[in-house]
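Listed below are the residues making up each chain.
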Amino acid sequence: MRRVNPSVYTKNYYLTDCNGYREFKKSWGKVLEPRLERIVKEIPIKKGVKVLDIGCGRGELSFWAANHGSQVVGIDYSVQAIKLALQAKKKQSFTIQKRVSFLQMDAKKINFSKNCFDVVFLVEILEHLYPEEQKLIFKQILKVLKPDGFIFIHTSPSR
């Protein structure tokens, strides 16, 4: 199956090219860049929900959800993304650290129990995937999302 090699998502990419890198470098994910600030205003997050953040990158959205009382698991297939997210996690408050975990995982092979998440974030991810990958990921999401749960999707234009 076609896929973008995760090795293209390097530490350098996340710290010099990926949107929000300036804010991340200054705040370790505590301050969202303006585009993400606008996006999170649309997310109806509630305290106590369990969130899966697919393609979590450096973890900013995961930290935001944890700051709003959610228990969050961020996954990314990029080893470098997870390394940065774990590094940033150490800079967060103890409360946020307890509410967030990060795992290196391919979203096409999600390894969680059935119906275990209330919310799934798919923010700025679909444009990085081939159509056949998108189909597999949505099947995985339907497996882990609770029947009354919701998916929050946001995409950006891309080449």
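Residues numbered from 1 in each chain as written. Predicted model: local features only at pLDDT ≥ 70, side-chain atom pairs only at ≥ 80, totals over all residues. Heavy atoms only, no water.

A.B. asks: Mind laying out the overall build of the protein, listing which residues take part and the relevant values?
C.D. replies: Across its full length, the protein holds seven helices and five strands. The helix and strand sequence of the protein, counted from the amino end, reads α-α-α-β-α-β-α-α-β-β-α-β. Scaling as 2.2 N^0.38, a compact globule of 159 residues should have a C-alpha radius of gyration of about 15 Å, and the protein matches this with 15 Å. Overall, the C-alpha framework of the protein stretches about 35 × 35 × 25 Å when taken along its three principal axes. Looking at the protein as a whole, 50% of its 159 residues are labelled buried. Across the protein, the fraction of contacts at a sequence separation of at least 24, relative to all contacts at a separation of at least 6, is 72%. About 8,700 Å² of surface is accessible on the protein, with carbon and sulfur atoms providing 51% of the total. (Helix = DSSP H or I, 4+ residues; strand = E, 2+ residues; numbered from the N terminus. Rg over C-alpha atoms; globule rule 2.2 N^0.38 Å. Buried < 20%, exposed > 50% of the residue type's maximum accessible area, 1.4 Å probe, protein only. Contact = heavy atoms within 4.5 Å. Areas by Shrake-Rupley, 256 points an atom, 1.4 Å probe, with all protein chains shown as cover.)

A.B. asks: Give me the lowdown on helix α7 (residues 131–144), citing residues and values where you can.
C.D. replies: With 14 residues, α7 should cover 20 Å at 1.5 Å per step; its first-to-last C-alpha distance of 20 Å lies within 8% of that length. Taken residue by residue, α7 has E133, I137, Q140, I141 and V144 as its buried positions. For α7, the arc enclosing every buried residue in end-on projection is 100°, short of the 170-degree limit, so these residues lie on one face. Across α7 from its buried face, at more than 90 degrees, point the exposed residues P131, K135, K139 and L142. In this structure, the buried side of α7 is in contact with β1 (50–54), β4 (117–123) and β5 (145–154). (Expected span 1.5 Å × (residues − 1). Arc of directions from axis to C-beta.)

A.B. asks: Which residues make up the sheet that holds strand β2 (residues 71–76), and what are the values?
C.D. replies: Ordered by their spatial adjacency, five strands build an open sheet running β3-β2-β1-β4-β5, and the pairing between neighbours is parallel. Single-partner strands in this sheet number two, and they are β3 (100–104) and β5. With strand direction ignored, the average angle separating the axes of adjacent strands in the sheet is 20°. In this sheet, β4 lies alongside β1 in parallel orientation, the contact comprising three bridges. (Pairing = 2+ DSSP bridges. Axes fitted to C-alpha atoms, helices over the stretch in contact; angles between N-to-C directions.)

A.B. asks: Pulling in residues and values, what's your account of the pattern of salt bridges?
C.D. replies: Under the definition given, this model contains eight salt bridges. Measuring nitrogen to oxygen at the nearest pair gives 3.2 Å for the salt bridge that ties K108 to D106. Grouping residues by exposure puts K108 and D106 together as buried. Between K146 and D118 there is a salt bridge, with the nearest N and O atoms lying 3.1 Å from each other. Pair noted here: K146 is in strand β5 and D118 is in strand β4, with a separation of 28 residues, a long-range link. When salt bridges with common partners are traced through the structure, they connect R3, D106, K108 and E133 into a single cluster. (Salt bridge = Lys/Arg side-chain N within 4 Å of Asp/Glu carboxyl O.)

A.B. asks: Before we move on, could you go through the side chain of S62 and cite the residues and values that matter?
C.D. replies: By secondary structure assignment, the location of S62 is in helix α4 (residues 60–67). Apart from residues lying up to four places away in sequence, S62 is in contact with D53, C56, V72, G74, V100 and F102.

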